[in-house]
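What follows is each chain in one-letter form.
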Amino acid sequence: VYLMQMLDNNQTLFFRTVMDNPVKYFPLIYTPTVGEACQKFGQLFRRPRGIYISIKDKDKIREILENWNVRDVRVTVVTDGGRILGLGDLGISGMGIPIGKLALYTACAGIDPDYTLPIVLDAGTNNETLLNDPLYLGLRIHRVRGKEYEDFIDEFISVITNVFPKICIQWEDFAGPDAVMILDKYREKICTFNDDIQGTAGVAAAGLISACKLSGKPITEQKFLFFGAGSAGTGIAGLLMKIMKSNGLSNEEALNRIWMFNSKGLLVNSRTDLEDYKKLFAHDHDPISDFTNAITQLRPTAIIGVSAMGGAFNKEVIEAMSEINEAPLIFPFSNPTSHSECSAEEAYRWSSGRAIFASGSPFDTVEIDGRKFIPGQGNNVFIFPAMGLAVFATEVKRVTDEMFICAAEALAGQVTPEMMKTGLIYPPISEILNVSFNVAVKIAEYIFDNGLAEIKRPENIYEFMKNKVYYPAYS
């Protein structure tokens, strides 16, 4: 509450405060605190930030957007609150996500906040607690689905890209099928990406690239078992396939190194309950309903948690991974912290200090038998602000998977041998400004090298990008 009041009253002071001490303030303006803030959004509400568009306003979207006081919006984060972090359907209360994410665009990558716009699309909620809460601010109807919902999204996209022609739309925290549907429909038509799918994939790929260096086993020899097969898991898996194929594997060989497990067990071809976007990762294999048994039978080198099921990587799971791997890769990526599949201490202790660990939520340093381990946080904050800065600077018209692979490699390239000695496979959050800028430069170089930019290539890309960065100072 205090930080949001500071942002409302003195934008320069807010960003200077946050950028001077990201380790302290990022967990307050985003994960894990933002989850609780969304849950209590109606109680905490002081004044509106951003734009609220109801499905009942479908014919008034242009009028609503044109009332915004900035005419050249370049970056928006949009949610419908359908699946906020691991907390489920929070409806309009999910507005905390776009507000927090866009604060990080500025705090991490120096995008001028005047070019950003948080948006929530209100299509109702299926959360009965919220529907009966007198402080809930959204429509008190169950979620609108099907054609009416899709028409609402279509109308929104048509209008916003007309009102703000240089805008990049980041989709955030939509329910899995909706997220996949929107991205597949529009990724080749407008400048857009889904952070839960592509941003998570980019940061996971970066961590796995670093982990491969640390383990001494190349990515083409790893076998990945996902716990959770939603849009985040399939997004990571799809990007890993592209990386492995670029390193010489065939499509079939890459697929054979990716396995998925969800609440109903291993994804196998005999299952009839799989959505289309999951079927690619189903295998010809006997059904397995127990995750530990899946580890024992499939013998993965890495497990990746994207299930939002806190504690799913229990002692039995970690010990099973440690029995078949000298250095098991343990990646519980779900957040907030309460939904992480395991803690850093559990992973290190149950593996006798042999795990290569990264999580989506922050964990404190762990000491085992006199040895200190610094857990890496594979947070999307390492990817999406840098992507935003590169898109903003180059005015590129599309965001491609190859740009996320470029971002992942650039991020992994900033993990030094000294960092790896402490178990880190991501740079520390304390260096986020410098890290994000370097990643953005690499993405911009890729964009210019491949003729994707809508502006002329500058003589010095580094200096060009440097001049695009906002820094909070009183003029």
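Our subject in this report is the structure included herewith. Here the structure is a predicted model, which means the values were calculated and not measured.

Looking only at helices and strands, the protein chain features 22 helices and 14 strands. Taking 23 Å as the expected radius of gyration for a compact globule of 475 residues, we find that the protein chain reaches 21 Å, a close match to that expectation. If one aligns the C-alpha atoms of the protein chain with their principal axes, the spans along those axes are about 60 × 50 × 45 Å. The buried share among the 475 residues of the protein chain stands at 59%. When the accessible surface of the protein chain is summed, it comes to about 19300 Å², and 47% of that surface belongs to carbon and sulfur atoms. On the protein chain, the mean spot of the 46 positive side-chain charges and the mean spot of the 57 negative ones are 3 Å from each other.

Turning our eyes to something else, we now look at the pairing of strand β3 (residues 116-122). In terms of burial, β3 is largely enclosed, as seven of its seven residues are buried. The alternating pattern of β3 places T116, P118, V120 and D122 on one face and L117, I119 and L121 on the opposite face, and all of these are buried. In this sheet, β3 lies alongside strand β1 (residues 51-54) in parallel orientation, the contact comprising four bridges. Note on β3: the bridge partner recorded for Y52 is V120. In terms of strand pairing, strand β2 (residues 75-79) meets β3 through five bridges, oriented parallel.

Right, let's talk about the pairing of strand β6 (residues 224-227) for a bit. Burial along β6 is two-sided: F224 and F226 and L225 and F227, pointing in opposite directions, are all buried. Where β6 meets strand β7 (residues 258-262), four bridges bridge the pair, whose relative direction is parallel. If you follow F224 over to β7, its bridge partner there is I258. Both β6 and strand β9 (residues 302-305) contribute to a ladder of four bridges, which runs parallel. Paired with F226 across the two strands is I304, which belongs to β9.

With that settled, consider the packing of helix α7 (residues 96-109) against helix α21 (residues 432-449). Packing of α7 against α21 brings their axes to within 7 Å, and their N-to-C directions diverge by 90°. Between α7 and α21, the interaxial angle falls into the category roughly perpendicular. Where α7 abuts α21, its residues A107, C108 and A109 lie against I432, L433 and S436.

This part is about the layout of surface pockets. Of the pockets and cavities examined, the largest pocket occupies roughly 810 Å³. Mapped by element, the contributors of at least two residues to the lining of the largest pocket are α11 (195-215), α12 (231-246) and β7. Residues that form the lining of the largest pocket fall into these classes: 13 nonpolar, 19 polar and 11 charged. When its volume is computed, the second largest pocket comes out at roughly 550 Å³. In terms of lining, the second largest pocket is formed by 23 residues, of which the most central are V1, M4, A37, F41 and L44. Those elements that provide at least two residues to the lining of the second largest pocket are α1 (2-9), α3 (22-29), α4 (33-39), α5 (41-44) and α7.

Turning to the sheet that holds strand β11 (residues 356-359), a few remarks are in order. Taken in spatial order, the seven strands line up as β8-β7-β6-β9-β10-β11-β14 in an open sheet, and their pairing is mixed. With one partner strand each, in any of the chains shown, β8 (265-266) and β14 (376-377) form the two edges of the open sheet. Sheet topology note: the strand β10 (residues 329-332)/β11 ladder contains two bridges and is parallel. Bridge assignment links L329 to a residue of β11, and that residue is I356.

Here we come to α1. Here α1 has its buried residues at L3, M6 and L7. Along the axis of α1, the buried positions cluster into a sector of 100°, meaning they face one direction only. Relative to its buried face, α1 has exposed residues pointing more than 90 degrees away, namely Y2 and N9. Here the buried face of α1 lies against α2 (11-20) and α3.

Attention now goes to the environment of A206. Residue position: A206 is located in helix α11. Taking relative accessible area as the criterion, A206 reaches 1% and is therefore assigned buried. Taking the C-alpha atoms as reference, A206 lies 22 Å from R299; in sequence the two are 93 residues apart. Ignoring anything within four residues of it in the chain, the contact list for A206 reads A408, L411, A412 and Y426.

Cut-offs applied
- Residues numbered from 1 in each chain as written.
- Predicted model: local features only at pLDDT ≥ 70, side-chain atom pairs only at ≥ 80, totals over all residues.
- Heavy atoms only, no water.
- Helix = DSSP H or I, 4+ residues; strand = E, 2+ residues; numbered from the N terminus.
- Rg over C-alpha atoms; globule rule 2.2 N^0.38 Å.
- Buried < 20%, exposed > 50% of the residue type's maximum accessible area, 1.4 Å probe, protein only.
- Areas by Shrake-Rupley, 256 points an atom, 1.4 Å probe, with all protein chains shown as cover.
- Lys, Arg positive; Asp, Glu negative; His and termini not counted.
- Charge placed at Lys NZ, Arg CZ, Asp CG, Glu CD.
- Pairing = 2+ DSSP bridges.
- Axes fitted to C-alpha atoms, helices over the stretch in contact; angles between N-to-C directions.
- Parallel < 35°, antiparallel > 145°, perpendicular 65-115°, else oblique.
- Contact = heavy atoms within 4.5 Å.
- 1 Å grid on protein atoms, 1.4 Å probe; cavity = no way out; pocket = protein on both sides within 12 Å on 5 of 7 lines; lining within 4 Å.
- Points joined across faces, edges and corners; volume = space filled by probe spheres on them.
- Nonpolar A, V, L, I, M, F, W, Y, C, P; charged D, E, K, R; others polar.
- Arc of directions from axis to C-beta.

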